[in-house]
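Examination of the molecular architecture
Chain by chain, the residues run as shown.
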Amino acid sequence: GLVTSILALGAAIGAYLSGILASRYGRRLSMIIADILTLVGVFLTLFSSTFVMLLGRVVLGFAIGINTSVVPLYIREISPAQLAGITGCFHQFSISVGILSSLLLGWKTPTESDSDYGTSNYWKLMFAVPIIPVSYTHLRAHETGRNLVCRLLLEKKKK
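Numbers given for residues are sequential positions, taken from 1 along each chain in its written order. Confidence filtering applies because this is a predicted model: local features only for residues at pLDDT of at least 70, side-chain atom pairs given and counted only at 80 or more, and all residues used for totals across whole chains, interfaces and linings. Computation of side-chain values: all heavy atoms of the structure, hydrogens and water removed.

**Here's the deal with the environment of Met-31**
The line we're drawing: Put simply, DSSP marks the helices as runs of H or I at least four residues long and the strands as runs of E at least two long, and each gets a number from the N terminus on.
The topology assignment puts Met-31 in helix α2 (residues 27–45). Taking the C-alpha atoms as reference points, Met-31 and Leu-21, separated by 10 residues in sequence, lie 9.6 Å from one another.

**Description of the environment of Gly-10**
This is how the line gets drawn: In what follows, residue pairs with any heavy atoms lying within 4.5 Å of each other are defined as contacts.
Its location among the elements puts Gly-10 in helix α1 (residues 2–25). Measuring from C-alpha to C-alpha, the distance between Gly-10 and Gly-65 comes to 7.2 Å, with 55 residues separating the pair along the chain. Residues contacting Gly-10, with those up to four places away along its chain left out, are Val-58, Gly-61 and Phe-62.

**What about the side chain of Ser-79?**
Rules: Any pair of nitrogen or oxygen atoms within 3.5 Å is treated as a polar contact; in protein, a donor-acceptor pairing is required on top of that, and neighbouring residues in sequence qualify only through side-chain atoms on both sides.
Here Ser-79 is to be found in the loop between α3 (50–78) and α4 (84–107). For Ser-79, the side chain forms a polar contact with the main-chain oxygen of Ile-75, separated by 2.5 Å. Engagement of the side chain of Ser-79 in a polar contact is seen with the side chain of Thr-87, the distance being 3.0 Å. Setting aside chain neighbours within four positions, we find Ser-79 in contact with Ala-84 and Thr-87.

**Considerations on the nonpolar core**
The criterion, for reference: Throughout this description, the term nonpolar core refers to a set of buried Ala, Val, Leu, Ile, Met, Phe, Trp, Tyr and Cys residues connected via side-chain atoms within 4.5 Å. The buried label applies to any residue whose accessible area, calculated with a 1.4 Å probe on protein chains only, is under 20% of its type's maximum; exposed applies above 50%, and partly exposed to all values in between.
Leu-21, Ala-22, Met-31, Ala-34, Ala-63, Ile-66, Val-70, Val-71, Tyr-74 and Ile-75 together form the largest nonpolar core, which totals 10 residues. Where this core is concerned, the elements lending two or more residues are α1, α2 and α3. Element by element, the count of residues in this core is highest for α3, at 6 residues.

**Looking at a nonpolar patch on the surface**
Under the convention used in this document: To count toward a patch, a residue needs a relative accessible area over 30% and no salt bridge; like charges are then connected within 9 Å, while nonpolar side chains (Val, Leu, Ile, Met, Phe, Trp, Tyr) are connected within 5 Å. Accessibility throughout is a Shrake-Rupley quantity obtained with a 1.4 Å probe, and a residue counts as covered only by protein chains that appear here. By convention in these notes, a salt bridge is any Lys or Arg side-chain nitrogen within 4 Å of a carboxyl oxygen on Asp or Glu.
A cluster of nonpolar side chains, namely Leu-9, Ile-13, Tyr-16, Leu-17 and Ile-20, defines an oily patch on the protein surface of about 520 Å² accessible area. Its place among the elements puts Ile-13 in helix α1. Take Ile-13: its relative accessible area is 36%, and that puts it in the partly exposed class.

**Regarding the packing of α2 against α3**
Our working definition: Under this scheme, a helix contributes an axis fitted over its contacting stretch, all axes are lines through C-alpha atoms, and angles between N-to-C directions fall in the 0 to 180 degree range. Every angle not falling under 35 degrees, over 145, or within 65 to 115 is termed oblique; those three ranges are roughly parallel, roughly antiparallel and roughly perpendicular. Two helices that cross are described as forming a left-handed crossing if the nearer one is turned anticlockwise from the farther one by less than a right angle, and a right-handed crossing if clockwise. Nonpolar residues are Ala, Val, Leu, Ile, Met, Phe, Trp, Tyr, Cys and Pro. Charged residues are Asp, Glu, Lys and Arg, and all others, Gly as well, are polar.
Remark: α2 packs on α3, axes separated minimally by 8 Å, with the N-to-C direction vectors making an angle of 155°. Looking at the two axes, α2 sits roughly antiparallel to α3. For the pair α2 and α3, the crossing hand works out as left-handed. For the contact of α2 with α3, the per-class residue count stands at 18 nonpolar, 6 polar and 4 charged.

In structure tokens form, the structure reads like this:
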């Protein structure tokens, strides 16, 4: 229960802070920060210590919260108006495929009735899977034009 629910707490805090992060540092850098947080969170969850694992889940929650807000904003800003709807749908479809994949990975996790229940490290593989998409996702992204214009206007306003 706590391992699952603490992720949601981190996601709520990450989503709350994502607007400030996206406005101050831009969409691209916000996504890269979320990716770094994801990598840190994954590595922390792989440790056997309960406290470190819970800390890793909170860090993963921050990343999820940031990506939940910033990625759709980024997609909308870089998409041509006539493709905005389909790109948003594709993003949501990708999330659904990710959830299905995690459920399928969890399907093979040993249960209490299995002989290797206490000794299996299969759950670590499930927690390590986010490394795959995070390792290449936002590195090739560019900053959105809208965000660059907003930053330029803010800089002129400060002068």
